[in-house]
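Observations on the three-dimensional arrangement
Listed below are the residues making up each chain.
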Amino acid sequence: MPVDQNKTAEEPTKRFLIGKLHAQSLAAKLMADHYMTLHRASKTGSQKIAWCSSVGPSELLRGMGFLVYFPENHAAMLGAARQSEALMLSAGQEGYAPEICSYLRSDVGAFQNRTTALSRIDKDIVSPPHPDVLVYNTNQCRDIKDWFSWYGRRLNVPCIGIQSPRGIDEVTNEHIDSVAKQIENLIAPLEQISQTKLDIDKLRLATSLSKQCSLLWKRALETGHISPSPLSFHAALTLMGPVVTARGTQAAVDYLIALNEELDARISRGVPAIKNERWRIYWDGMPIWGRLTEMHRLFTGAGANITASTYCNSWIFESLDAEHPIPSMAKAYTELFIVRSDEVKERYLRTTAKEFKVDGIIFHEAKTCPNNSNSRYGMPERLRQRLKIPVMTIYGDHVDGSMVDIERIATQVEAFVEQLDEGVA
Amino acid sequence: MRTVFAGIDVGSSATKVVLINADNELQGSAAVPTGLYFAEAARTALQSALNTCDRTMTDVAATVSCGYGRRNVDFADGVRTEIACLAKGIHLFFAEEVLVLDIGGRDIKTVHVDASGKQGDFKMNAQCAAGTGAFLEDIAFRMHIPLEQLNALGESAAAPVPVGSHCTVFAAGEVLTAARSGAPVENIVLGIYHSMVKRVIEMISTEKPIVLSGGVAAHHPIVCRLLAEVLGRKVGIPPFPQFTSAFGAAVFAKRITMNNQE
């Protein structure tokens, strides 16, 4: 590419600060590289591949030399491309009820129909990478085990995992010991599958890198404390891709360092994520993947920025400790928001809403994701009374578009901003 | 001289227009079926409303649209949600803090309105038309009873036949079962109204005065009576309950004019 001799050294930085973050392009490239690596390994058999749940023991898998694929990311891609609805019908024909996880139904449906969202990255990718093992943790939900079990039966591949306690108040040593033991029990079958002994140094390295990823991602998200925020929910959803799929790798750490540098530059120059941040919102629950851009325009058009969310905060594993990888993994994966009781969740939301100086909270009640929908047991009402800010629930789904009435949601969001404008809690 | 302010509520079933003067007094109104062409429905309804008070478009100082088709009203000077307009409209008739419960063609909304007319917390029904005007329309169709006769039939009933289903189609099945076993039609109709009230009760969580608005309140006032019985307290209805949001939109239109004059 020819170099523009008239550009000064200042201008490349200036370009990054306007509009989209440059880090979003870096994230897209990292994700593409991740999937191409998996694709090549799947084709050639050069490296063993493990499918893992998004908050599953990926550090252990990397420590055993596996490349790691996360089906949930694929399901989100299907949702973002609005392919899910048609694909879910096939899963329904096998008896998977319309009320259960739409990620599961659309991903399984894609496989049944021999299609994949990964073809958008490269047309040579015609299916997800073939797994040598499927590894789950039910810390997030039971559906992940049902999902992986389908593939285990279909592909005749070992499906192993961790059954975590859920709805936890205080995380006790008993909880940690139970999960740690189950993680240890995965080692023998994984060694057999990979034909490799667990390399403790690799495990420590992966754990250390995951920890670094967590802290860097947390730092990036905490820029949302600043008013106006340099980060929007819409941008964060793109930026978090590598945090999920590449955590435990140096590439993810390097990317997050670059992201933080760019956010720091935005802050020092006073560049906000949206032009007119009049109101700051907390979003609890899943994104509506098939309507991200519409939702972003809806909020920004009304001068509202989603400056914090439960979802983006979910990939912060502060308890990871390279010196004690397995017990620290057990703790880190068990103390997550999604695993906790409503009392703990409510306390977290109260604290976080204040830290991020939000003016209102929106709960997304995803029809087929009860574990990520926290509006079903009165929490919105309790938060409204306690925080004295508007709290609203909208109804939709993360990828099942038939559950999403965008007109109704648009009315609710606009009315929510009107309520904020009126100053009535 | 432009002397009226127009509020247009483009609902999923009907488009309502209200014209008010500077003192918020009703000058004219009209309602037409919305159909598929929202802008056309808005123009037709506005012209009809102007006709009722011998005025023309040149008398309209400003127009605000609300409702499902609010963004299709290309000649509106402003757009607000029907929720904001509901709050403004109800405050014209109820000066105290209230919870307004609006039952429309396919929506149920509750909105807290404080004593100064400001819009507070609101709720909308989840993705289900149970308890809305669409529910009544469907049941009337399946029972081969003109919609406009339902209210009187319900009022004449001795006792309701229980109808439990949330789903309109399944509720229609219960209606057929009841009819087959010889239940009087009016008792079945009363049961339908009771099931509507059960749906909306779930959305009420306040001891504040309740006000009922919307098309269902306008054409099926029995719902107001039943709601009051279940809640054990008075339930108010504004004048022209189907036009409450349009009233509010007209107030917003007046505000636009006043802001422009400052």
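It should be noted that the structure appears before, not after, this text.
Residues numbered from 1 in each chain as written. Chains lettered and ligands numbered in written order. Predicted model: local features only at pLDDT ≥ 70, side-chain atom pairs only at ≥ 80, totals over all residues. Heavy atoms only, no water.

Residues and elements named next belong to chain B. When you tally the buried positions in strand S1 (residues 4-10), you get 7 out of 7 residues, the bulk of the element. A two-sided burial pattern is seen for S1, the buried positions comprising Val4, Ala6, Ile8 and Val10 on one face and Phe5, Gly7 and Asp9 on the other. Relative to strand S4 (residues 60-66), S1 runs parallel, the two being bridged by 6 bridges. Along S4, the bridge assignment pairs Ala6 with Thr63. The sheet contact formed by S1 and strand S2 (residues 14-20) spans 6 bridges and is antiparallel. (Buried < 20%, exposed > 50% of the residue type's maximum accessible area, 1.4 Å probe, protein only. Helix = DSSP H or I, 4+ residues; strand = E, 2+ residues; numbered from the N terminus. Pairing = 2+ DSSP bridges.)

The subject of this paragraph is the environment of Asp143 of chain A. Residue and element names in this part refer to chain A. Secondary-structure assignment places Asp143 in helix H7 (residues 143-155). For Asp143, a relative accessible area of 17% translates into the label buried. Put simply, Asp143 and Val68 are 75 residues apart on the chain and 19 Å apart in space, counted from C-alpha to C-alpha.

Using the criterion set out here, one finds 17 aromatic pairs over all chains in the structure. Note on Phe111 of chain A and Tyr151 of chain A: the rings are 5.3 Å apart at their centroids and 85° apart in plane angle, and the pair reads as edge-to-face. One end of the pair, Phe111 of chain A, is in helix H6 (residues 102-112); the other, Tyr151 of chain A, is in helix H7, with 40 residues separating them in the sequence. Among the aromatic side chains, those forming a connected cluster through ring pairs are Tyr35, Trp51, Tyr69, Phe111, Trp150 and Tyr151 of chain A. Seen from the ring of Phe252 of chain B, Arg80 of chain B lies directly overhead, with NZ or CZ sitting 4.1 Å from the centre. (Phe/Tyr/Trp six-rings, centres within 6.5 Å; stacked < 30°, edge-to-face > 60°. Lys NZ or Arg CZ within 6 Å of the ring centre and 35° of its normal.)

This part is about the environment of Ala249 of chain B. Residues and elements named next belong to chain B. Looking at the secondary structure, you find Ala249 in helix H9 (residues 244-261). Classification of Ala249 by relative accessible area gives buried; the value is 0%. Spatially, the C-alpha atoms of Ala249 and Ala84 are 8.3 Å apart, while their sequence positions differ by 165 residues. Among residues more than four places away in sequence, those in contact with Ala249 are Ala6, Gly7, Ile8, Val64, Cys66 and Cys85. (Contact = heavy atoms within 4.5 Å.)

Bringing the nonpolar core into the picture now. Formed by 132 residues in total, the largest nonpolar core has its most connected members in Tyr103, Leu190, Trp217 and Leu259 of chain A. In this view, Tyr103 of chain A contacts Glu72, Ala75, Ala76, Trp147, Met286, Trp289, Tyr311, His398 and Val399 of chain A; residues no more than four positions away in its chain are not counted. Membership of the second largest hydrophobic core comes to 40 residues, among which are Leu136, Ala157, Val189 and Val197 of chain B. (Core = buried A, V, L, I, M, F, W, Y, C linked by side-chain atoms within 4.5 Å.)

This paragraph deals with the sheet that holds strand S3 (residues 133-137) of chain A. Two orientations exist for strands paired in a sheet by backbone hydrogen bonds: parallel and antiparallel. Residues and elements named next belong to chain A. Strand order in the open sheet made by the 4 strands is S2-S1-S3-S4, with parallel pairing throughout. Looking at strand neighbours, the two that pair on one side only are strand S2 (67-69) and strand S4 (159-162), the edges of this open sheet. Each strand axis lies, on average, 30° off the axis of its neighbour in the sheet, ignoring direction. One ladder, built from 3 bridges, connects strand S1 (residues 49-52) with S2; its direction is parallel. Its bridge partner lying in S2, Trp51 is registered against Tyr69. Seen against the sheet, helix H2 (residues 22-44) touches S1 and S2 and runs at an angle of roughly 115° to S2. Sitting on the sheet, helix H8 (residues 173-194) is in contact with S3 and S4, with an inclination near 160° to S4. (Axes fitted to C-alpha atoms, helices over the stretch in contact; angles between N-to-C directions.)

Another point: the packing of helix H15 (residues 342-355) of chain A against helix H16 (residues 379-387) of chain A. All names here are of chain A. Taken N-terminus to C-terminus, the directions of H15 and H16 make an angle of 40°; their axes are 11 Å apart at the nearest point. As far as their axial angle goes, H16 and H15 are oblique. As for how H15 packs across H16, the hand of that crossing is right-handed. Touching Asp342, Lys345, Glu346, Leu349, Arg350, Ala353 and Lys354 of H15 are Met379, Arg382, Leu383, Arg386 and Leu387, all from H16. Partitioning the contact of H15 with H16 into residue classes produces 5 nonpolar, no polar and 7 charged. (Parallel < 35°, antiparallel > 145°, perpendicular 65-115°, else oblique. Left-handed = near helix turned anticlockwise from the far one by under 90°. Nonpolar A, V, L, I, M, F, W, Y, C, P; charged D, E, K, R; others polar.)

The next subject is the interface of chain A and chain B. Each partner contributes to the interface: chain A provides 22 residues, whereas chain B provides 22 residues. The junction of chain A with chain B conceals about 1,900 Å² of combined surface from both sides, 45% of it contributed by carbon and sulfur atoms. When residues of chain A are sorted by the area they lose upon contact with chain B, Arg408, Glu418 and Glu422 of chain A head the list and together hold 35% of the total. At the boundary of chain A and chain B, one finds 7 salt bridges. Close ionic contact of Glu422 of chain A with Lys88 of chain B constitutes a salt bridge, the shortest N to O distance being 3.3 Å. Elements with a minimum of two residues in the side of chain A that touches chain B: strand S8 (391-396) and helix H17 (406-422) of chain A. (Buried area = accessible area lost by both parts, 1.4 Å probe. Salt bridge = Lys/Arg side-chain N within 4 Å of Asp/Glu carboxyl O.)

Moving on: the packing of H6 of chain A against H7 of chain A. Residues and elements named next belong to chain A. Where H6 contacts H7, the two axes come as close as 9 Å, and the packing angle between them is 15°. Considering their axes alone, H6 and H7 lie roughly parallel with respect to each other. Remark: the crossing between H6 and H7 carries right-handed chirality. Contacts from Tyr103, Leu104, Asp107, Val108, Phe111 and Gln112 in H6 reach Asp143, Asp146, Trp147, Trp150, Tyr151, Arg154 and Leu155 in H7.

A few words on unusual backbone geometry. Residues and elements named next belong to chain A. Note the cis peptide between Ser227 and Pro228, where omega equals -5°. By secondary structure assignment, the location of Pro228 is in the loop between helix H9 (200-222) and helix H10 (233-239). Even without being a glycine, Asn156 presents a positive backbone phi close to 55°. Counting through the fold element by element, Asn156 comes out in the loop between H7 and S4.

A separate point is the pattern of salt bridges. Residues and elements named next belong to chain B. All told, the structure shown has 33 salt bridges over all chains when counted by the stated rule. Notably, a salt bridge pairs Asp107 with Lys109, separated by 3.9 Å at the nearest N-O pair. Lys109 carries the same exposure label as Asp107, and that label is buried. With its nearest N and O atoms 3.0 Å apart, the salt bridge here joins Arg225 to Glu155. With Arg225 in helix H8 (residues 222-231) and Glu155 in helix H4 (residues 150-155), this pair connects stretches of sequence that are 70 residues apart. Arg225 sits in the partly exposed class, given a relative accessible area of 34%. Owing to a relative accessible area of 38%, Glu155 belongs among the partly exposed residues under this scheme.

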